[in-house]
Amino acid sequence: MTQRPLDRLIRPRTIAVFGGREARRVIEQCDLMGFAGEIWPVHPTQESVLGRRCYRSVAELPDAPDAAFVGVNRTLTVQIVRELSAKGAGGAVCYASGFSEAVSELADGAELQQALVEAAGDMPIVGPNCYGMINGLDGALLWPDQHGIVRTERGVAILTQSSNIAINLSMQRRGLPISYLMTAGNQAQIGLSDLARAVLEDPRVTAVGLHIEGFGDIRSLEALAARARELKKPVIALKVGKSEQAQHAAISHTASLAGSDAVAEAVLHRLGIGRVTTLPELIETLKLLHVAGPLESNAISSMSCSGGEASLMADAAVGLNIEFRALKAEQLTALRASLGQMVTLSNPLDYHTFVWGDLTRQTEAFSAMFAGGYALNLLVLDFPREDRCDGADWMITVAAVAAAAKQTGARAGILATLPENMPEAIAQQLIETGIVPLCGISEALAAADIASRIADAWKRPQPLPLLNTPSDAGEMETLSEAAAKAELAAVGLIVPHGKTAATASEAADCAEQLGFPVALKALGVEHKSEVGAVKLNLWDRNAIIDAAEGMARVAHGFLVERMIERPLAELIVGAVRDPVVGLTLTVGAGGILVELLEDSIVLPLPVTKAEVLDRISRLKVRKLIEGYRGGAGTNIEMVADAVVSAAEYVVKNAARLEELDINPLMVLPESRGVVAADALIRRRS
């Protein structure tokens, strides 16, 4: 069924409201925001609401409304939505709860939600269990409560699955202009990404921020990322679900699967969606993107009139993809001329107070720094309390930053270390002059990191569509190690030379044919080392027979393999099925380092060799692979080739495969290859 466009719903000229108290509040909020369209209250007994005629039913409405707020009980909601759809309404917000998000409390929750979707037909509905939306550009609201949004001519859109978080964000006093604030509820029909794509098309929207509890429709998220790239409008996400508690809350609260956090991180990276970790980071990153857009590099400069602040800036960048690039020679000359001999010239720079209150010298100093080709130039400046202090000198510094930015054409931001030290009026004034007002050192640097990563992502080729192949419903089977390795060898992975045997004597014969030393493994055992089902470095026939007889009680035959030389590094390559994304590949430090280093990356599938190289180059174990402290090394491209082969196997067998585990994948010195020393494959028969 082709769905009606969302334009009428999110930018309505006529609004119908259904219900009592909540419906009245919607009208109140529209009036407070100066909504210029018509509002039609619908109530079975009231004659008027806030000076407007009250209609008895959908049938009495003068026309099909562009948007409707349905604030009645859950069963009546279904009936009204059906009538609105039949009348040709542009869409509706369904406020009531008690649908699929409440299946643990209400046995008919899922059934009623399905009835709601069927009643809507091709009419878009947002929710249920949803507060609605605020259009701060046109003053149109489907919102039954107070909020902090003010009218704006352009700004960012914020979308969340949580109504309370939406309210909290609306109350921010950090100067962020919000064009749309939307909640999606349990996304019975319209998902968060669908709403985001709709607001993205509004030329007055500069960036989009998402608060995500569960991904929902992954194809819609891909479409959002692709459209954002086309329009050059960045999208960032606060994705919850790192903790077990958060994942449980997401399932119970929004009726959506949170999935693995590592997979979520990888998917967002692949799609070029920046990820923030806190609500303050969300606000500060949106501010940066609204004013400056994605940053062309990770090189930034910092100036402050305090060595303590300079040190805080430097420390806060540790662990981030941020570079305080050294000053250029021409900068040193200009900075020395403006700041004098007492200042140590560096980046971050403590420019002392010698030029404090001097517009000309501050402009000269700031211009010298801004001329260094940095993607973003930050000036640390905490404004004084307005009720006790005179801030005239601080405004001289603001004027100097503005003059330097205009003179050099550089991107500039003024950073208050404490949010309360950036007055909202000053933040709004800075935005009007093209300067980014930022609050909090860690939040500002995180924003710069994310903004540069988005620019990097847009420079890469458009990613392939995610695999997301559903699993077959057959019986689960586990392949023997020999069979698993044979399948991997068929797609290009190197496996040890080996033979299978049924008895201890046959195993000894195989060892003599292969040549000693050998490894002996019991077939049909998944966790061999835990039950003594693997023996290494066996050098003669008797050792083989003794080892085989010792593991005969658990073995369903034997695998005899030539021993592999000592590797440079051991990796683990595995595939598991994520409940939302489907099969993904994990690559990391293997062997005893799996738990010790926690050094791994996730690769959504399918994947290109370039993507594999980019991601595995970030592993800590890379130093061992390429030769640590003068030791032997090998080309990491050989590792990438092996990972690509494993990925190709997963993609080809996606419908049946449930799990792949190659541990260890041994990386040998120089050009002797990358060998899958052990392998486990589970699939549907």
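Residues numbered from 1 in each chain as written. Predicted model: local features only at pLDDT ≥ 70, side-chain atom pairs only at ≥ 80, totals over all residues. Heavy atoms only, no water.

Visitor: Help me understand the overall build of the chain, please; the structure alone is not making it clear to me.
Guide: Tallying secondary structure elements over the chain gives 23 helices and 30 strands in all. With the C-alpha coordinates of the chain rotated into their principal frame, the extents come out at 95 × 80 × 35 Å. Counting across all 685 residues of the chain, residues that qualify as buried make up 55%. Intrachain contacts of the chain at a sequence separation of at least 6 include 71% that bridge at least 24 residues. Total accessible area on the chain stands at roughly 28,300 Å², and carbon and sulfur atoms take up 51% of it. Averaging the locations of the 63 positively and 81 negatively charged side chains of the chain gives two centres separated by 3 Å. (Helix = DSSP H or I, 4+ residues; strand = E, 2+ residues; numbered from the N terminus. Buried < 20%, exposed > 50% of the residue type's maximum accessible area, 1.4 Å probe, protein only. Contact = heavy atoms within 4.5 Å. Areas by Shrake-Rupley, 256 points an atom, 1.4 Å probe, with all protein chains shown as cover. Lys, Arg positive; Asp, Glu negative; His and termini not counted. Charge placed at Lys NZ, Arg CZ, Asp CG, Glu CD.)

Visitor: I tried to follow the pattern of salt bridges on my own but got confused; where do I start?
Guide: Proximity of charged atoms lets side chains of opposite charge pair with each other. Applying the stated rule across the entire model yields 43 salt bridges. Among the charged side chains, a salt-bridge network with shared partners connects Glu-481, Lys-485, Lys-521, Lys-528, Glu-561 and Asp-678. (Salt bridge = Lys/Arg side-chain N within 4 Å of Asp/Glu carboxyl O.)

Visitor: Explain the pairing of strand 26 (residues 582-589) to me, please; I cannot follow it from the model alone.
Guide: Sheet faces and side chains relate simply in a regular strand, where the side chains alternate between the two faces. Of all eight residues in strand 26, seven are buried; the element is thus mostly enclosed. Pairing between strand 25 (residues 569-578) and strand 26: eight bridges, direction antiparallel. Residue Val-576 lies in a different strand from strand 26, and its bridge partner there is Thr-584. Taking the residues between adjacent antiparallel strands as the criterion, strand 25 and strand 26 are bridged by three residues. The pairing of strand 26 with strand 27 (residues 600-604) spans five bridges and is classified as antiparallel. For Val-587, the partnering residue across the bridge sits in strand 27 and is Ile-601. (Pairing = 2+ DSSP bridges.)

Visitor: It is not clear to me how helix 7 (residues 218-231) should be interpreted in this structure. Could you clarify?
Guide: Counting along an α-helix, one turn takes 3.6 residues, and residues three or four places apart therefore face a common direction. A rise of 1.5 Å per residue sets the reference length of helix 7, with its 14 residues, at 20 Å; its end C-alpha atoms lie 20 Å apart and thus fit the reference within 8%. Listed as buried for helix 7 are Ile-218, Ser-220, Leu-221, Glu-222, Leu-224, Ala-225, Ala-226, Ala-228 and Arg-229. Where the residues of helix 7 are buried, they touch helix 6 (192-200), strand 12 (205-212), strand 13 (235-239), helix 9 (261-271) and helix 16 (441-459). The N-terminus of helix 7 is capped by Asp-217, whose side-chain oxygen sits 3.0 Å from the backbone nitrogen of Arg-219. (Expected span 1.5 Å × (residues − 1). Polar contact = N/O pair within 3.5 Å; in protein donor to acceptor, adjacent residues only side chain to side chain.)

Visitor: Can you help me understand the nonpolar core in this one?
Guide: The nonpolar side chains of a soluble globular protein tend to be buried, and buried together. Counting 104 residues, the largest nonpolar core has Met-133, Leu-159, Leu-195, Val-208, Leu-210, Phe-215 and Val-267 as its most contacted members. Among the elements that take part in this core, helix 16 stands out by supplying nine residues, more than any other. Setting aside residues no more than four positions away along its own chain, Met-133 makes contact with Leu-9, Ile-10, Val-93, Val-126, Ala-140, Leu-141, Leu-142, Trp-143, Leu-181, Met-182 and Leu-195. By size, the runner-up hydrophobic cluster in this structure holds 44 residues, among which are Leu-467, Leu-479, Ala-676 and Ile-681. (Core = buried A, V, L, I, M, F, W, Y, C linked by side-chain atoms within 4.5 Å.)

Visitor: Hey, could you run me through the packing of aromatic side chains in this one?
Guide: For any pair of aromatic rings, the description rests on two quantities: the centre-to-centre distance and the angle between the ring planes. Summed over the entire model, instances satisfying the criterion amount to six aromatic pairs. When the ring of Tyr-131 is compared with that of Trp-143, the centres are 5.2 Å apart and the planes differ by 80 degrees; the resulting orientation is edge-to-face. With Tyr-131 in the loop between strand 7 (125-126) and strand 8 (133-135) and Trp-143 in the loop between strand 9 (140-142) and strand 10 (155-160), this pair connects stretches of sequence that are twelve residues apart. Given the relative accessible area of 17%, Tyr-131 is considered buried. A ring pair is formed by Phe-366 and Phe-370, whose centres lie 6.5 Å apart and whose planes are at 20 degrees; its orientation type is stacked. In this pair, Phe-366 and Phe-370 both sit in helix 13 (residues 359-370), four residues apart, roughly one turn of the helix. Relative accessible area serves as the criterion here: at 0%, Phe-366 is assigned to the buried category. Classification of Phe-370 as buried rests on a relative accessible area of 3%. Site record: aromatic cluster; members linked through ring pairs are Phe-69, Tyr-95, Tyr-131 and Trp-143. The ring of Phe-215 carries the charged tip of Lys-239 above its face, separated from the ring centre by 5.6 Å. Above the face of the Tyr-374 ring, Arg-325 is positioned so that its terminal group lies 4.6 Å from the ring centre. (Phe/Tyr/Trp six-rings, centres within 6.5 Å; stacked < 30°, edge-to-face > 60°. Lys NZ or Arg CZ within 6 Å of the ring centre and 35° of its normal.)

Visitor: I'm lost on the packing of helix 12 (residues 329-339) against helix 13 in this one. Help?
Guide: Packed helices, taken two at a time, are described by their axes: the angle between them and the distance between them. Interaxial distance between helix 12 and helix 13 falls to 9 Å at its minimum, and their mutual angle equals 165 degrees. One element, helix 12, and the other, helix 13, form an angle in the roughly antiparallel class. Crossing angle aside, the handedness with which helix 12 passes helix 13 is left-handed. Side by side, helix 12 and helix 13 meet where Gln-331, Ala-334, Leu-335, Ser-338 and Leu-339 of the first sit next to Arg-361, Glu-364, Ala-365, Ala-368 and Met-369 of the second. Here the residues of the contact of helix 12 with helix 13 sort into six nonpolar, two polar and two charged. (Axes fitted to C-alpha atoms, helices over the stretch in contact; angles between N-to-C directions. Parallel < 35°, antiparallel > 145°, perpendicular 65-115°, else oblique. Left-handed = near helix turned anticlockwise from the far one by under 90°. Nonpolar A, V, L, I, M, F, W, Y, C, P; charged D, E, K, R; others polar.)

Any functional reading would require information beyond the geometric quantities listed.
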